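Breakdown of the fold
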Amino acid sequence: MSNSSENHLPTNVAGSARPSAEQYIGVFAKAAEVAPALIIVFRKSNLGIVYCNGAARQALDPESHADLATMEMPDFMGVSSVSMLKGEILLHAGLMGKWKGSCVLRDIWGSEFSVAASCTAHAADDPNAEAVFCLQAIKVMNAGAADISTTSDHELLHALLETLPDSIYFKDLHSRFIRVNQALVNKNGLDSPVDLIGLTDFDRFTIDHAQQAYDDEQQIIRTGEPLIDREEKETWPDGHITWVSSTKVALRNAGGHIIGTFGISRDITKRKLADENLRKLSRIIEQAPLSIVITDLTGAIEYVNPTFCQVTGYSMEEVLGANARVLKSGETPIEVYHDMWQTITRGQVWHGELSNKQKNGVVYVESIVIAPVVDEGGRATHYVALKEDITERKQGEMERGALLIQLQLAQKLESIGRLAAGVAHEINTPTQFITDNTHFLTESFGKLARVLQQAAVLRDAAAQQPPLSAQVAALAAAEEQAELAYLLTEIPTALSQSLEGLGRVARIVQSLKEFSHPQNAQRNPTDLNHVISTAITVSRHEWKYVAEVVTDFSAHLPPVPCVVDEFNQVILNLLINAAHAIDSAQKARPGSSGQGTITVRTRLDGEWALVEVEDSGTGIPDAILSRIFEPFFTTKEIGKGTGQGLAIVHTVIVKNHQGTVNVTTEVGRGTTFHLRLPLNISSNPTPP
């Protein structure tokens, strides 16, 4: 005998085709899963467990330790009921289709409990499928309790309605409530199911949801087609919104006629809010102007947002699974990475800047915040990094800083220039009359020397006259005492040296006046040899104790278009740097004697003027050679360098004069800076 569910499906009076059982599968599966009765389905052939509902799993395996699908029905029969299973229950159900009575079940720990049960046999519709038994049982709490076998279907349905947490409702053909469960009553804030009877969704919700629900239910009534797992937005009169997942089917009478609808709605508001928040968060992350990177605890990349791809040039597929160090440029000190890892592995947030490298090799600077992501137990599972490309901002800051330093240097130079001009003016006048007087003394001494020479002739003649012998002797003694012969030789030499020194003072004064005199900010044809000589003279105090300056100027160098003040600053910076490099080299070689050498050359090089400043200093290590023109980069001790000298050289020659700056260097041997300036500012020649 078969108790297949299909045999109990109603038909309508007109004899039309019965609705498919699949239309009810979702509803009855949900009902069975949450039913208070234990439902166990097992095979007829080997008694292996096929299905246990929630109540059965809770009763037989409360702590979910076992895999029930690998067990058999006798494993869950009490000791006194094992023989009863095969000798009575299965025999009776197999022959009569159904057995009802009391038995004892046990859980996986061996604890037994009494149940009122029924067992039904179900033949398979498919010849290839197995027949099964279905055991339905309710625990008997004590011996005096009523026998569950006498419980009516109405009572079981009532228990089902009252215990399910989902909203269950029956409606008539006009979508009016005719039966609801307690969960729906509670959701509406009412006291009794009676309060909802006769009402419609129009009495509960705003028109938007109520109309849609009504249209759906009328469609079911017209077609008999169920509505499965439809997500519905419920807008309540006070404006708050809830969401439900609803399954609705046609409600038929015994004759198969549709008399209304039956529905189950599960509240999914929290899930919808969580999903919406997740979608918002996803949109925020996807559209964020910052690069967002999520890695595992080893630094392997698990997620990057589109901004990361835009900034780095890598696609998501290229970096997923790769380590974050794929971006390392080699320009960030290793100590920064050590500090970063120590911070985040302690569970703290790290803030800092890193110089990273794009896919095409371009280096850029990022401001980065990296934080651990922890689970409910407080254990770090991932790291998330928020990164902002600040390359342009850093360049702007460096350029502003460079301009500020250049302005300060220019102001300082201007102040020194004004002072130098004043000093030069004050020195120039006394120097001039001292020079004039020295020339006068030189000329006068020449005349006196000639007189003294004639006096010597007269003295020699008088020595032949005996009466004058005493006077001649006195004169000779006076000449010897005065060292007249020595004076006649040395006084002209002293006067000549004085004039040479005064000439040097005059040249220094003239150089100060030229150096301090403001020049036109535009490029004008300039004698570079003369400008360089002036800068050498002015900077003498910087190099005279450590080096000798050697010049090798080309006599064929034509006037070169340049801004004299700026070019003066360039030569001064290079001379001072050269002097410092030589000083450092001498300190590194204790006991070394002699001065270093600074050589300044000028040459004509095609359409370019070439200026070279060579020193015999320490040289520049390869590790920092690429950074020497960066603003604020310096290897000098604090107070001795601003990191702006070579930055200004590069700015003036390359940016302001469209020239080039190249460096050749050898550690321990020295460095040469090669400056090229175009001779023709109307064209843009290609440097050799």
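Everything that follows concerns the structure shown earlier in this document.
Calculation criteria
Residues numbered from 1 in each chain as written. Predicted model: local features only at pLDDT ≥ 70, side-chain atom pairs only at ≥ 80, totals over all residues. Heavy atoms only, no water. Helix = DSSP H or I, 4+ residues; strand = E, 2+ residues; numbered from the N terminus. Buried < 20%, exposed > 50% of the residue type's maximum accessible area, 1.4 Å probe, protein only. Contact = heavy atoms within 4.5 Å. Salt bridge = Lys/Arg side-chain N within 4 Å of Asp/Glu carboxyl O. Expected span 1.5 Å × (residues − 1). Arc of directions from axis to C-beta. Pairing = 2+ DSSP bridges. Axes fitted to C-alpha atoms, helices over the stretch in contact; angles between N-to-C directions. Phe/Tyr/Trp six-rings, centres within 6.5 Å; stacked < 30°, edge-to-face > 60°. Lys NZ or Arg CZ within 6 Å of the ring centre and 35° of its normal.

1. Structural notes on the overall build of the protein chain
Secondary structure summary: the protein chain contains 18 helices and 22 strands in total. The buried share among the 688 residues of the protein chain stands at 37%. For the protein chain, the proportion of contacts with a sequence separation of at least 24, taken over those separated by at least 6, is 54%.

2. Looking at the environment of isoleucine 138
Tracing the chain through its elements places isoleucine 138 in strand β5 (residues 132–139). On the basis of relative accessible area, isoleucine 138 is assigned to the partly exposed category, the value being 25%. In this structure the C-alpha to C-alpha distance between isoleucine 138 and serine 118, which are 20 residues apart in sequence, comes to 9.4 Å.

3. Re the pattern of salt bridges
The tally for this structure, following the rule as stated, stands at 26 salt bridges. Salt-bridge contacts for arginine 57 lead to glutamate 33; the nearest nitrogen and oxygen are separated by 2.4 Å. On the criterion of sequence distance, the pair formed by arginine 57 in helix α2 (residues 54–60) and glutamate 33 in helix α1 (residues 22–34) is long-range, its members being 24 residues apart. The exposure class assigned to glutamate 33 is partly exposed, which follows from its relative accessible area of 27%. Two residues, glutamate 231 and lysine 272, come together in a salt bridge whose shortest N-O distance is 3.2 Å. Of this pair, glutamate 231 sits in strand β8 (residues 227–235) while lysine 272 sits in helix α7 (residues 269–287), and the two are 41 residues apart along the sequence. Given the relative accessible area of 14%, lysine 272 is considered buried. Salt bridges linked by common partners bring Lys171, Asp201, Arg204, Glu217, Glu232 and Lys248 together as one network.

4. Comments concerning helix α6 (residues 207–223)
For α6, built from 17 residues, the straight-helix expectation of 24 Å at 1.5 Å per residue is met to within 8% by its first-to-last C-alpha distance of 24 Å. Those residues of α6 that sit buried are His209, Ala210, Ala213, Asp216, Glu217, Gln218, Ile220 and Ile221. Tucked inside the fold, the buried residues of α6 contact β6 (167–171), β8, β9 (241–252) and β10 (258–267). The positive-phi residue at the C-terminal boundary of α6 is glycine 224, with phi of around 80°.

5. Some points on the environment of valine 652
Here valine 652 shows up in helix α18 (residues 645–656). Given a relative accessible area of 1%, valine 652 falls into the buried group. In sequence terms valine 652 and glutamine 569 are 83 residues apart; their C-alpha atoms lie 8.9 Å from each other.

6. What to know about helix α10 (residues 334–345)
Compared with an ideal rise of 1.5 Å per residue, which puts 12 residues at 16 Å, α10 spans 17 Å between its outermost C-alpha atoms and is within 8% of the ideal. Within α10, burial applies to Tyr337, Met340, Thr343 and Ile344. When α10 is viewed along its axis, its buried side chains cluster within an angular range of 130° and face the same direction. Residues of α10 that are exposed and point over 90 degrees away from its buried face: Glu335 and Thr345. Where α10 is buried, its residues meet β13 (350–357), β14 (363–374) and β15 (380–389). Once α10 ends, the next one or two residues include glycine 347, with phi positive near 85°.

7. Let's talk about the sheet that holds strand β7 (residues 177–180)
In sheet architecture, strand pairing relies on hydrogen bonds along the backbone and comes in two forms, parallel and antiparallel. Judged by pairing direction, the sheet is antiparallel, and its 5 strands sit side by side in the order β7-β6-β10-β9-β8 without closing on themselves. At either end of the open sheet lies a strand with only one pairing partner, and these are β7 and β8. Neighbour to neighbour, the strand axes of the sheet diverge by 30° on average, direction disregarded. Across the sheet, α6 touches β6, β8, β9 and β10, and the angle it forms with β8 is around 160°.

8. Focus: the packing of aromatic side chains
Enumeration over the complete set of coordinates arrives at 6 aromatic pairs. A cation sits over an aromatic face here: lysine 139 above phenylalanine 113, 4.8 Å from the ring centre. The ring of tryptophan 243 carries the charged tip of lysine 272 above its face, separated from the ring centre by 4.2 Å.

9. Observations concerning the environment of glycine 659
Checked against the element boundaries, glycine 659 lands in the loop between α18 and β21 (660–666). Spatially, the C-alpha atoms of glycine 659 and leucine 679 are 9.9 Å apart, while their sequence positions differ by 20 residues. In this structure, glycine 659 is in contact with Trp608, Ile653, Val654, Arg676 and Pro678, ignoring residues within four places of it in sequence.

10. Quick look at the sheet that holds β21
Spatially, 5 strands are ordered β17-β19-β20-β22-β21 in an open sheet, and the strand pairing comes out mixed. Of all strands in the sheet, those with a lone pairing partner are β17 (547–552) and β21, marking the two edges. Put simply, the sheet's adjacent strands are angled 15° from each other on average, direction ignored. For β21 and strand β22 (residues 670–678), the ladder comprises 7 bridges, and the chain directions are antiparallel.

11. What about the side chain of serine 291?
For serine 291, the location among the structural elements is in strand β11 (residues 291–295). Exposure remark for serine 291: the relative accessible area of 2% places this residue in the buried category. Not counting chain neighbours up to four residues away, the residues in contact with serine 291 comprise Asn305, Thr307, Phe308, Val311, Glu366, Ala385, Leu386 and Lys387.

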